Amino acid sequence: MRLFPQTLLCSLAGTALAPAANAVGTLPEAPINDSASNRAQRYNIVYIMTDDHTMQMMSCYDRRHIETPNLDRIAADGVRFVNSFVANSISGPSRACMLTGKHSHANGFVSNETSVFDGEQQTMPKLLQQAGYQTALIGKWHLNSTPTGFDYWKILPGQGDYYNPTFIQMDNSRITCKGYVTNIVTDLSIDWLENKRDPQKPFCIFIHHKAVHRDWLPELKYLPLYEDKTFNLPDNFYDNYDGRPAAAAQEMGILKDMDIVYDTKMHLPDSNTPLTATYRALIGRLDTEDRKRYEDFYRPITEDFYRRNLKGKELAEWKYQRYMRDYAKVVKSLDDNVGRVLDYLEKKGLLDNTLVVYTSDQGFYMGEHGWFDKRFMYEESMSTPLVMRLPQGLKARGDIRQLVQNIDYAPTFLDLAGAPIPADMHGVSLLPLLRGEQPADWRKSLYYHFYEYPAEHMVKRHYGVRTERYKLIHFYNDIDVWELYDLENDPHEMHNLYGAPGYEQVTADLLQELHRLQEQYADPIEAELQGKH
Ligand code: SGN
Ligand code: CA
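Criteria and thresholds
- Just so you know, the residues in each chain are numbered from 1, in the order the chain's sequence is written.
- Each chain is given a letter, starting from A, and each ligand a number, starting from 1, according to the order in which they appear as written.
- Per-residue local features of the predicted model are confined to residues with pLDDT of at least 70, and side-chain atom pairs are confined, for both listing and counting, to 80 or more; whole-chain, interface and lining totals are unaffected and use all residues.
- Excluding hydrogens and water, the side-chain figures rest on all heavy atoms present in the structure.
- Only DSSP runs of H or I reaching four residues or more are called helices, and only runs of E reaching two or more are called strands; each is numbered from the N terminus.
- Every radius of gyration here is taken over C-alpha atoms, with the globule rule written as 2.2 Å times N^0.38, N being the number of residues.
- Here, residues are in contact when the closest pair of their heavy atoms is within 4.5 Å.
- To be clear on the numbers: accessible area is Shrake-Rupley with a 1.4 Å probe, and residue cover counts the displayed protein chains and nothing else.
- Here's how the labels work: a residue is buried when its accessible area is under 20% of the maximum for its type, exposed when over 50%, partly exposed in between, all with a 1.4 Å probe on protein chains only.
- Note: two strands are recorded as paired if DSSP finds a minimum of 2 bridges between them.
- For Na, K and Ca the donor cutoff is 3.2 Å, while for all other metals N, O and S atoms count as donors only within 2.8 Å; water does not appear among the atoms, so some sites may look incomplete.
- Between 85 and 135 degrees for all angles marks four donors as tetrahedral; over 155 degrees for opposite donors together with 65 to 115 for all other angles marks four donors as square planar and six as octahedral; every other arrangement is irregular.
- What makes a residue near a molecule or strand is one non-hydrogen atom of that residue sitting within 4 Å of it.
- Any N or O atom pair separated by 3.5 Å or less is treated as a polar contact, with the protein-specific requirement of one donor-capable and one acceptor-capable atom, and with residues adjacent in sequence counted only for side-chain atom pairs.
- Polarity classes work like this: nonpolar for Ala, Val, Leu, Ile, Met, Phe, Trp, Tyr, Cys and Pro, charged for Asp, Glu, Lys and Arg, and polar for all others, with Gly in that last group.
- The span you would expect from a helix comes to 1.5 Å times its residue count less one.
- Throughout, the arc means that of the directions going from the helix axis to the C-beta atoms.
- The definition used for a disulfide is geometric: two cysteine sulfur atoms within 2.5 Å.
- Here the limits of each domain have been adopted from an automatic or database domain assignment.
- By buried area we mean the combined loss of accessible area, with a 1.4 Å probe, across both parts when two parts are placed together.
- What counts as a salt bridge is simple: a side-chain nitrogen of Lys or Arg found within 4 Å of a carboxyl oxygen of Asp or Glu.
- All axes here are fitted lines through C-alpha atoms, helices being fitted over the stretch that makes contact, and every angle between N-to-C directions spans 0 to 180 degrees.
- What is meant by a nonpolar core is a set of buried Ala, Val, Leu, Ile, Met, Phe, Trp, Tyr and Cys residues, joined one to another through side-chain atoms within 4.5 Å.
- Charged residues are defined here as Lys and Arg on the positive side and Asp and Glu on the negative side; His and the ends of the chain fall outside this count.

Peer 1: Looking at this structure, I do not really get the overall build of the chain. What am I missing?
Peer 2: Broken down by element type, the chain carries 14 helices and 18 strands. The C-alpha atoms of the chain give 23 Å as radius of gyration, which agrees with the globular expectation for 533 residues (24 Å, within 12%). Oriented by its inertia axes, the alpha-carbon framework of the chain measures out at about 70 × 65 × 40 Å. The contacts in the chain between residues at least 6 apart in sequence include a share of 69% that link residues at least 24 apart. Carbon and sulfur atoms provide 51% of the accessible area of the chain, an area that totals close to 20200 Å².

Here is the structure:
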């Protein structure tokens, strides 16, 4: 496997492509000075976060669809969290929760579309710096303000691009790098580890991939992958949303909302919608030769698609297969690149002293309820993969079943660094779990709050509580609907039990727990809603 990049070609905005000034190209193969005596006694942290990568598409969680051997290596040498959740299932808010250890109302970043992250506030990277750590961030940021708390950063603007991506640098200049974004984010990360950090200090690097975000553009060498595979439909692909009006109101259906050009790439020269223009611009980033390779691949599929003139279920299932294949191809590059980072750490003798975390900014629907995208408090999108390769001294192995949430990462990293955990953080340190302990007083419920409405995909505002067995959700704003699920008997959340006879006590207990959490975290929503009535 290719450990070091050949030559990373990057150029400043408006100039021709040339090897990057600080060429990542020919890296020395000899280990840098990282001997045990030289290494700080404190653990390093490599935090790898992808975008929209869901447990269903990671073989250590789910073997139905694809194999992800490198991601699975992390879990095999450490732990797999099987009850891992986010607090607000959407990119910017999720990232803000991770950085601050606080729920959205407290960190101020509630929505991708309306929020700007206040970089003046307390964050975990800043506290790590104060504790003597070097911090670096490479890749997707998506918080609408400049990163703070990092000694080094290179970020993708907004969502970033898959092909020949542009990065914003610390001096605000922009460079465009030739190649596929997942490879380049990894190249830049390895370059920082190898050439830019101070080997005398412990470090925390945040490797934030764009992959596997919509519209799932694959690395060119993987275009043919999975083309012969037929993915199984989830049982509830044809959900009719009976008893769930908020679920019925969304705009994230594979059949009705997935765009035939932008999402499934069936581009005909004469189609002309805003999404088609966006699609053209995205693939227009490829140079002529690569663009030809891309178009040669899609031409026969496109011709066949328009000739068949599919309708109804046939069309839905055809779109599902295209979606699954593209998403799986994008995961393949991601898995390769996680392998490169693990190989690098191993080769440099860093693994014994480094916590490697792999997670995503949230889960995603792979056809469950007929959907793509996320946002809902339902299981597929409230969940997020979380596996950790543990350094020497942390003894846990296998599955961790306790309820954990992305607000826990900040206190965990601070705890690992030996730094105090500020009392105003909402999350709790996972370190006792990583040591193999079974804390008797571990939390029994999680709080969730989604705000981004009205907005793309039209998922209504909601908040709720999830316990080990039940989930209670309140959809509000232009609707006032409660939902109750028994996850043991109805893991796919198809039967809303709210108001059903026999569930009075369960509902009352969950309501009480919900209000307790809202009070504990000081979420003002109940008071706001009461003020309205
Ligand atoms: C884009 C996508 C949406 C996606 C949001 C948020 N549309 O707007 O499908 O839900 O990002 O995603 S697209 O037409 O631009 O592809 S997030 O992960 O960044 O929160
Ligand atoms: Ca995301």
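Peer 1: Quick question: what am I supposed to make of the pairing of strand β8 (residues 166–169) here?
Peer 2: Here is the key point about a regular strand: its side chains alternate between the two faces of the sheet. Taking every second residue as pointing to the same face, both faces of β8 are buried, with T166 and I168 on one and F167 and Q169 on the other. Sheet analysis places strand β7 (residues 152–156) next to β8, joined by two bridges and oriented antiparallel. Residue pairing in the sheet places K154 in a bridge with Q169 of β8. In this structure, the hairpin formed by β8 and strand β9 (residues 174–177) is closed by a connection of four residues, where N172 is found at a positive phi of approximately 75°.

Peer 1: How should I be thinking about the coordination of the calcium ion (ligand 2) in this particular structure?
Peer 2: Note on metal sites: the ideal angle is 109.5 degrees for four tetrahedral donors, and 90 or 180 degrees for six octahedral donors. Surrounding the calcium ion (ligand 2) are the protein donor atoms D51 (OD), D52 (OD), D361 (OD), D361 (OD) and Q362 (OE1), which sit 2.1 to 2.7 Å from the metal. Metal-centred angles of 52 to 170° between the six donor atoms at the calcium ion (ligand 2) mark the site as irregular. As a motif over one chain, the donors of the calcium ion (ligand 2) read D-D-x308-D-Q. Of this pair, D52 sits in the loop between β3 (44–50) and α1 (69–76) while Q362 sits in the loop between β11 (354–360) and α10 (379–382); the two residues are 310 residues apart in sequence, bridging distant segments of the chain. With respect to class, D52 is no different from Q362; both count as buried.

Peer 1: Got a minute to help me understand the site of ligand 1 in this structure?
Peer 2: Among the 19 residues in the neighbourhood of ligand 1, the closest are listed as Y262, D373, K374, E456 and H457. Here K374 contributes a side-chain N or O atom positioned 2.7 Å from an oxygen atom of ligand 1. Here an oxygen atom of ligand 1 and a side-chain polar atom of E456 are 2.6 Å apart. About the coverage of ligand 1: the protein hides 86% of its 460 Å² of free accessible area. Across the shell around ligand 1, the residue classes break down as three nonpolar, seven polar and nine charged.

Peer 1: Looking at this structure, how should I read helix α13 (residues 504–520)?
Peer 2: Since the α-helix turns once every 3.6 residues, residues separated by three or four places project in the same direction. Over its 17 residues, α13 extends 24 Å from the first C-alpha to the last, a length consistent with the 24 Å expected when each residue adds 1.5 Å. Those residues of α13 lying buried are V506, T507, L510, E513, L514, L517 and Q518. Viewed along the axis of α13, the buried residues span an arc of 140°, placing them on a single side of the element. Turned more than 90 degrees from where α13 packs its buried face, E504, Q505, Q512 and E519 sit exposed. The inward-facing, buried residues of α13 abut β15 (445–450), β16 (462–467), β17 (470–475), β18 (481–486) and α14 (525–532). A522 sits one or two residues past α13 and shows a positive phi near 55°.

Peer 1: Is there a simple way to think about the state of the cysteines in this case?
Peer 2: Each disulfide is one covalent bond, formed between the sulfur atoms of two cysteines. Applying the stated criterion across every chain yields a total of one disulfide. Disulfide pairing is shown between C10 and C177; the S-S distance is 2.2 Å. Torsion about the S-S bond of the C10 and C177 cystine: about 105°, corresponding to right-handed handedness. Pair noted here: C10 is in strand β1 (residues 9–12) and C177 is in strand β9, with a separation of 167 residues, a long-range link. Judged by relative accessible area, C10 falls into the buried class, the value being 7%.

Peer 1: Honestly, the domain arrangement of the chain in this entry has me stumped. Any pointers?
Peer 2: How large an interface is tends to be reported as the accessible area lost when its parts come together. Domain annotation for the chain reports domain 1 (39–217 + 326–440) and domain 2 (447–531). Relative placement of domain 1 and domain 2: their C-alpha centres are 27 Å apart. Area buried by domain 1 at its contact with domain 2 is led by H105, R375 and M377, which between them contribute 30% of it. Linking domain 1 with domain 2 are four salt bridges. At the boundary of domain 1 with domain 2, the tally comes to 19 residue pairs in polar contact (both at pLDDT 80 or more). Contributions of two or more residues to the side of domain 1 that touches domain 2 are made by α3 (104–107) and α10. The element that contributes the greatest number of residues to the side of domain 1 that touches domain 2 is α10, accounting for three residues. Its residues assigned to classes, the side of domain 1 that touches domain 2 comprises 11 nonpolar, 11 polar and six charged.

Peer 1: What's the story with the pairing of β18 in this structure? I'm lost.
Peer 2: When you tally the buried positions in β18, you get six out of six residues, the bulk of the element. A two-sided burial pattern is seen for β18, the buried positions comprising V481, E483 and Y485 on one face and W482, L484 and D486 on the other. The turn linking β17 back onto β18 is made up of five residues, and N477 within it adopts a positive phi angle of 90°.

Peer 1: How do you make sense of the sheet that holds β18 when you look at a structure like this?
Peer 2: Where strands meet in a sheet, backbone hydrogen bonds hold them as pairs that are either parallel or antiparallel. Reading across the sheet, the four strands line up as β15-β16-β17-β18 and stay open at both edges, with antiparallel pairing between neighbours. Each end of this open sheet is capped by a strand with a single partner; those strands are β15 and β18. With strand direction ignored, the average angle separating the axes of adjacent strands in the sheet is 10°. Relative to β18, β17 runs antiparallel, the two sharing six bridges. In the strand pairing of β18, H474 is matched with W482.

Peer 1: Hey, could you run me through the nonpolar core in this one?
Peer 2: With 128 residues, the main nonpolar core has F81, Y294, M388 and L434 as its most contacted residues. Here the element with the most residues in this core is helix α9 (residues 312–347); it accounts for 16 residues. Of all hydrophobic cores here, the second largest spans 24 residues; its members include F475, I479, V481 and Y485.

Peer 1: I tried to follow the side chain of D259 on my own but got confused; where do I start?
Peer 2: Structurally, D259 can be placed in the loop between α6 (245–249) and α7 (274–283). It is R214 that comes nearest to the buried, bridge-free D259 among opposite-charge side chains, at 6.6 Å. Of note is the side chain of D259, whose polar atom sits 2.7 Å from the backbone nitrogen of Y262. Sequence-distant contacts of D259, defined by excluding residues within four places in its chain, comprise T264 and L275.

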